[in-house]
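Secondary and tertiary structure notes
Here is what each chain is made of, one letter per residue.
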Amino acid sequence: MQDEKFDAIVVGAGPAGIAAAITMAKAGLNVVVLEKGEKPGSKNVMGGILYRHNLEEVVGDAWKEAPVERPMIEEQRWFMTDQAALRLLGHKNFRHREHPNSFSVLRARFDPWFAAKAEEAGAFVINETVVESLIVRDGRVVGVTTGREGDLFADAVVVCEGIGLGMRLLERAGLKKPIRANQAAIAVKEIMALDPEKIEDRFNCEPGEGCAVECYGDATLGKSGFMFIYTNKDTLSVGGGVLVSDYNGGVVSSRDVGRVNHGIVSPNEMLEHFKNHPAIKPLLKGAETVEYVAKMIPEAGYRAMPKLYGNGYLVCGDAAMMANPVHREGSNLAMASGRMAGETVIQAKELGDFSEQTLSRYKGRIDNSWIAKDMRKYNDAVTLLEQNPDLLGKYPGLLDSALDEFFRVDGVSKRDKQRKVLRMFRKEGGLGFLIDNVKAAIALGFLPP
Ligand SMILES: Cc1cc2nc3c(=O)[nH]c(=O)nc-3n(C[C@H](O)[C@H](O)[C@H](O)COP(=O)(O)OP(=O)(O)OC[C@H]3O[C@@H](n4cnc5c(N)ncnc54)[C@H](O)[C@@H]3O)c2cc1C
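Residues numbered from 1 in each chain as written. Predicted model: local features only at pLDDT ≥ 70, side-chain atom pairs only at ≥ 80, totals over all residues.

**Notes on the domain arrangement of the protein chain**
Here the domain parsing of the protein chain yields domain 1 (4-69 + 105-179 + 300-379), domain 2 (184-298) and domain 3 (383-443). Between the C-alpha centres of domain 1 and domain 2 there is a distance of 29 Å. Looking at side-chain class alone, the side of domain 1 that touches domain 2 contains 12 nonpolar, four polar and three charged residues. (Domains from an automatic or database assignment. Nonpolar A, V, L, I, M, F, W, Y, C, P; charged D, E, K, R; others polar.)

**Considerations on the pairing of strand β14 (residues 235-243)**
A regular strand places its side chains so that they alternate between the two faces of the sheet. With nine of nine residues buried, β14 is to be regarded as a mostly interior element. Taken together, the seven bridges between strand β13 (residues 225-231) and β14 define a ladder with antiparallel strand orientation. Pairing of Met227 across the sheet is with Gly240, part of β14. Taking the residues between adjacent antiparallel strands as the criterion, β13 and β14 are bridged by three residues. (Buried ≥ 20, exposed ≤ 12 C-beta atoms within 10 Å, placed from the backbone. Helix = DSSP H or I, 4+ residues; strand = E, 2+ residues; numbered from the N terminus. Pairing = 2+ DSSP bridges.)

**Thoughts on the site of the ligand**
Not every one of the 39 residues close to the ligand is listed here, only the nearest: Gly12, Gly14, Gly162, Gly317 and Gly330. Elements that contribute at least two residues to the shell around the ligand include exactly α1 (15-26), β11 (184-193), β15 (288-298) and α10 (331-351). Among the residues forming the shell around the ligand, the class breakdown is 17 nonpolar, 13 polar and nine charged. Mapped onto the domain boundaries, the shell around the ligand takes at least three residues apiece from domain 1 (4-69 + 105-179 + 300-379) and domain 2 (184-298). (Near = placed C-beta within 6 Å.)

**Describing the packing of α1 against helix α4 (residues 107-121)**
Contact pair α1 / α4: the axes reach a minimum separation of 8 Å and the direction vectors enclose 15°. Considering the angle they form, α1 stands roughly parallel to α4. Crossing hand, α1 versus α4: left-handed. Of the residues in α4, those in contact with Ile18, Ala21, Ile22, Ala25 and Lys26 of α1 are Phe114, Ala115, Lys117, Ala118 and Ala121. Of the residues assigned to the contact of α1 with α4, the class counts are eight nonpolar, no polar and two charged. (Axes fitted to C-alpha atoms, helices over the stretch in contact; angles between N-to-C directions. Parallel < 35°, antiparallel > 145°, perpendicular 65-115°, else oblique. Left-handed = near helix turned anticlockwise from the far one by under 90°. Contact = placed C-beta atoms within 7 Å.)

**With respect to the confidence of the model for the protein chain**
In the predicted model, the protein chain carries a mean pLDDT of 89, and 92% of its residues have values of at least 70. The model gives residues 249-261 a pLDDT under 50, and that stretch makes 29 contacts with residues more than four places away or in other chains. (pLDDT = per-residue confidence, 0-100.)

Below you can see the structure in the form of structure tokens.
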């Protein structure tokens with residue numbers, strides 16, 4: 001490659017980078033996207049559920065052609081103990097047949113299609129190109145160096161490099177502090193091949209329709225996080241994660257030792273523990289693992305977001321720590337922030353001014369949008385779960401014992417059973433139980449602070 005100059009360089013062909021590239025290329029800007037993977041999606045993980053609204057905002061009606069797996073018709077949330085699974089929520093929403101809210105996707109299929117939309121709009125997408133550093137001159141980001149010969153220059157560099165272990169571009173350039181162990185989760189995922197009819201039978205879905213199951217409590221050995229099963233066309237995405245700081249060594253299987261809430265040795269062991277739970281094992285019977293991947297997820301809310309702009313650069317998506325782990329959202333924040341960054345660069349181009357002051361309008365857009373509102377609302381959610389391990393460690397067990405007593409027919413009168421359950425709550429939780437649950441409801445947004 002020779003030294004070349006563009007209106008904008010986008011680092012990374014994930015949802016954030018491609019949304020930014022489509023937005024800018026549609027407005028006639030000269031845009032290049034640099035992706036280190038062999039092709040877009042080859043390095044991406046995600047569970048993953050993708051949201052129609054945010055995709056439609058970027059590609060319009062073309063969302064209908066996107067290579068998705070299944071529309072999500074049902075959402076399930078389970079609380080698990082080592083002996084039981086409580087389905088706290090099961091919402092089959094038939095409105096989503098006509099107007100899908102979300103889809104399961106496999107990024108190796110979705111991302112190349114999304115990147116092709118950027119190319120149709122006029123952007124160049126160059127794969128197998130690692131951006132090694134940002135070129136900074138007189139306090140202004142003016143381009144990037146890559147592993148290839150020749151540097152690339154642009155009026156604006158849109159950094160959409162995602163989040164990962166080790167120092168990334170922004171950290172290396174001193175534009176973002178290194179991520180702390182309690183600010184991100186490590187998630188793992190297996191793609192498991194299973195006959196579509198078996199998927200539909202086991203998850204009670206109509207042909208072509210899908211279901212998302214998310215499990216808390218013993219699923220993650222009581223740690224702050226959750227495990228999931230998402231139904232794809234002929235595979236299941238099975239995975240989950242907890243904070244990096246929770247992988248602190250110790251005993252792994254609660255069924256082995258009869259107690260939850262101890263250290264987790266590795267993400268893989270947590271996944272195996274989940275797959276072997278008596279409520280999960282039959283759902284996966286005969287399914288063959290065809291792929292195994294691990295990746296990080298930002299989890300620390302608005303406060304952990306780095307500076308989003310500076311002279312000549314903008315930061316979007318996971319690179320900007322934008323994610324809402326309570327609602328399992330990340331791809332939508334990435335697409336929306338990429339689009340807003342693109343719109344800001346278009347304005348800057350019109351003004352002929354790519355200074356920090358002009359690019360700060362991007363932060364204004366984010367702050368006035370649902371992104372900042374949601375990121376602020378869930379600022380304390382993960383910290384609260386981390387600092388109150390009983391919420392996912394002890395309380396599911398308490399609820400399970402109460403229900404076991406409630407449903408058991410054993411010659412004990414219902415009045416005596418009620419007394420027993422009340423005694424159980426008093427002994428194990430008492431007032432603390434109530435306070436903890438009110439705190440959780442506030443942090444998770446069900447009650448106002
Ligand atoms: C297991 C798991 C499950 C998830 N499930 C969901 C879900 O169900 N729903 C949801 O909405 N979100 C989910 N997420 C989060 C979601 O994946 C992210 O929020 C989203 O992918 C962020 O998009 P992005 O474009 O910011 O980053 P990424 O998708 O990470 O894309 C970054 C891109 O940049 C490239 N890149 C990085 N560094 C360089 C470099 N130096 N040079 C060139 N290219 C580079 C990478 O190869 C990659 O293609 C999940 C994440 C994980 C790990």
